[in-house]
Amino acid sequence: MYNFTYHRASGLRQAQNLLGKLEDPKLLAGGMTLLPTMKMRLASPANIIDLERVEGLNGIELKGRSLVIGALARHVDVASSDVVKQAIPALAELAGMIGDPAVRHRGTIGGSVANNDPNADYPAACLGLGATIITTKRKIVADEFFKGLFETALEPDEIITKVSFPLAKKAAYQKFRNPASRYALVGVFVAKRPSEIRVAVTGAGGGGVFRVKSFEEALKKRFSPKVLEGLSVPADGMASDIHGSAEYRAHLIGVLARRAVAAAG
């Protein structure tokens, strides 16, 4: 590690003020992405603003046809919530697959979405369900929020407060885990909504989470794993590392998409 200045915000307004006036700040909302990236020297903020004591950002509630989850809701809260299990069971299952118990008891949905780790699970759920990310300034639809590896549409002084997920008729998430980190080597979230079908992939893309439009078009005709047989995703643009080649990841997308459709059905 290296030297940085630690700040513990007592409220959202104070966090906002600190974020606007401090030099090179980073928000800490669980730290399950930020701290590892700092240890690997992929991030080196001069100031850290801890949001743990900020109240009112960890609620989970159903509002009309949307499930609204506060940014500081921990993964274990989402996984164990009866509201989530009834509204969007696939989201509860996804949260229960994240990391290990230590990670699930510390990591938050807001921290995961804001950091946009290319192997994180929540970005796939946000993109797959067509979620809206609500901040201290505005509302951002998921299709416009995720911009690339560890990159989002968030402005420097903007803080995520909630994530709103539209309810889906059918949804499922399938994940091929890295056996050590339990991050998604490839994860596929499939959702069938009244107006559209979405297929979102995490872990595989060289540019982060993305949708597979060819799969979505096929599933509009018939929501069945059989319609995806023979369809594939090009290996070009896929991530490639010691854990799996681009071709391997491209193959896994098809396999997991078919499993997700079967599970949703």
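See above for the structure.
Note that the structure is a prediction, hence the values are computed from the model and not measured.

Cut-off values and rules
- Residues numbered from 1 in each chain as written.
- Predicted model: local features only at pLDDT ≥ 70, side-chain atom pairs only at ≥ 80, totals over all residues.
- Heavy atoms only, no water.
- Pairing = 2+ DSSP bridges.
- Helix = DSSP H or I, 4+ residues; strand = E, 2+ residues; numbered from the N terminus.
- Contact = heavy atoms within 4.5 Å.
- Axes fitted to C-alpha atoms, helices over the stretch in contact; angles between N-to-C directions.
- Core = buried A, V, L, I, M, F, W, Y, C linked by side-chain atoms within 4.5 Å.
- Buried < 20%, exposed > 50% of the residue type's maximum accessible area, 1.4 Å probe, protein only.
- Salt bridge = Lys/Arg side-chain N within 4 Å of Asp/Glu carboxyl O.
- Phe/Tyr/Trp six-rings, centres within 6.5 Å; stacked < 30°, edge-to-face > 60°.
- 1 Å grid on protein atoms, 1.4 Å probe; cavity = no way out; pocket = protein on both sides within 12 Å on 5 of 7 lines; lining within 4 Å.
- Points joined across faces, edges and corners; volume = space filled by probe spheres on them.
- Nonpolar A, V, L, I, M, F, W, Y, C, P; charged D, E, K, R; others polar.

Looking now at the sheet that holds strand β11 (residues 170-177). Within the open sheet, the four strands sit side by side as β11-β12-β13-β14. Their pairing is antiparallel. The two strands at the open ends of the sheet, each matched to only one other strand, are β11 and β14 (210-211). Across eight bridges, β11 lies against strand β12 (residues 184-192) in antiparallel orientation. By the bridge assignment for β12, A172 is matched with V190. Of the strands in this sheet, β12, β13 (197-202) and β14 touch helix α10 (residues 213-221), which is tilted by about 150° from β13. In the packing of helix α11 (residues 246-264) onto the sheet, contacts are made with β11, β12, β13 and β14, and the angle to β12 comes to roughly 40°.

Residues L67, I69, L91, V113, Y122, F165 and F189 are the most contacted members of the largest nonpolar core, which totals 42 residues. Not counting the four nearest positions on each side in its chain, I69 is found in contact with G59, I60, V78, V84, L91, I109, K162, V163 and F165. Within the second largest apolar cluster, 27 residues are counted, among which are V190, A246, L256 and V261.

Further remarks concern the sheet that holds strand β3 (residues 47-50). Strand order in the open sheet formed by three strands is β1-β3-β2, and the pairing between neighbours is parallel. Both edges of this open sheet fall to β1 (5-8) and β2 (25-28), since each of them pairs with a single strand only. Across the sheet, the mean angle from the axis of one strand to that of its neighbour is 25°, orientation sign disregarded. Here β1 runs beside β3; their pairing, made up of four bridges, is parallel. From the neighbouring strand, R8 faces β3, where its bridge partner is D50. Together, β1, β2 and β3 form the strand contacts of helix α1 (residues 12-21), whose direction differs from that of β3 by roughly 170°.

Turning our attention to the pattern of salt bridges. The full count for this structure, using the stated rule, is 16 salt bridges. Of the charged contacts in the structure, one is a salt bridge between D50 and R8, with a shortest N-O distance of 3.6 Å. Pair noted here: D50 is in strand β3 and R8 is in strand β1, with a separation of 42 residues, a long-range link. Between K63 and E61 there is a salt bridge, with the nearest N and O atoms lying 3.7 Å from each other.

Moving on: the environment of A239. In this structure, A239 sits in the loop between α10 and α11. Taking the C-alpha atoms as reference points, A239 and Q16, separated by 223 residues in sequence, lie 35 Å from one another. When neighbours within four sequence positions are excluded, A239 is seen to be in contact with G203, A204, G205, G206, G244, S245, A246 and R249.

In this section: unusual backbone geometry. For D24, which is not glycine, the phi torsion reads 45° and is therefore positive. Mapped onto the elements, D24 comes out in the loop between α1 and β2. Relative accessible area serves as the criterion here: at 42%, D24 is assigned to the partly exposed category.

What follows covers the packing of aromatic side chains. According to the stated counting rule, one finds three aromatic pairs in the structure shown. Plain terms: the ring middles of F176 and Y248 are 6.2 Å apart, the flat faces sit at 90° to each other, and that makes the pair edge-to-face. Taken together, the residues span a long stretch of sequence, with F176 in strand β11 and Y248 in helix α11 at a distance of 72 residues. Its relative accessible area of 31% is what places F176 among the partly exposed residues. Residue classification places Y248 among the partly exposed positions, given a relative accessible area of 33%.

In summary, the side chains of a regular strand alternate between the two faces of the sheet. Counting buried residues along β12, eight of its nine residues qualify, which places the element largely inside the surrounding structure. The loop that links β11 with its antiparallel partner β12 comprises six residues; one of these, R182, has a positive phi angle of about 65°.

Of the pockets and cavities examined, the largest pocket occupies roughly 1,200 Å³. Elements with a minimum of two residues in the lining of the largest pocket: β2, α2 (34-39), α7 (109-115) and β9 (151-152). The element best represented in the lining of the largest pocket is α7, accounting for five residues. When the residues that make up the lining of the largest pocket are grouped by side-chain class, the tally is 26 nonpolar, 14 polar and eight charged. There is about 200 Å³ of room inside the second largest pocket. If you go around the second largest pocket, you meet 15 residues; those closest to its centre are N119, G203, D241, H243 and R249. When the residues that make up the lining of the second largest pocket are grouped by side-chain class, the tally is six nonpolar, seven polar and two charged.

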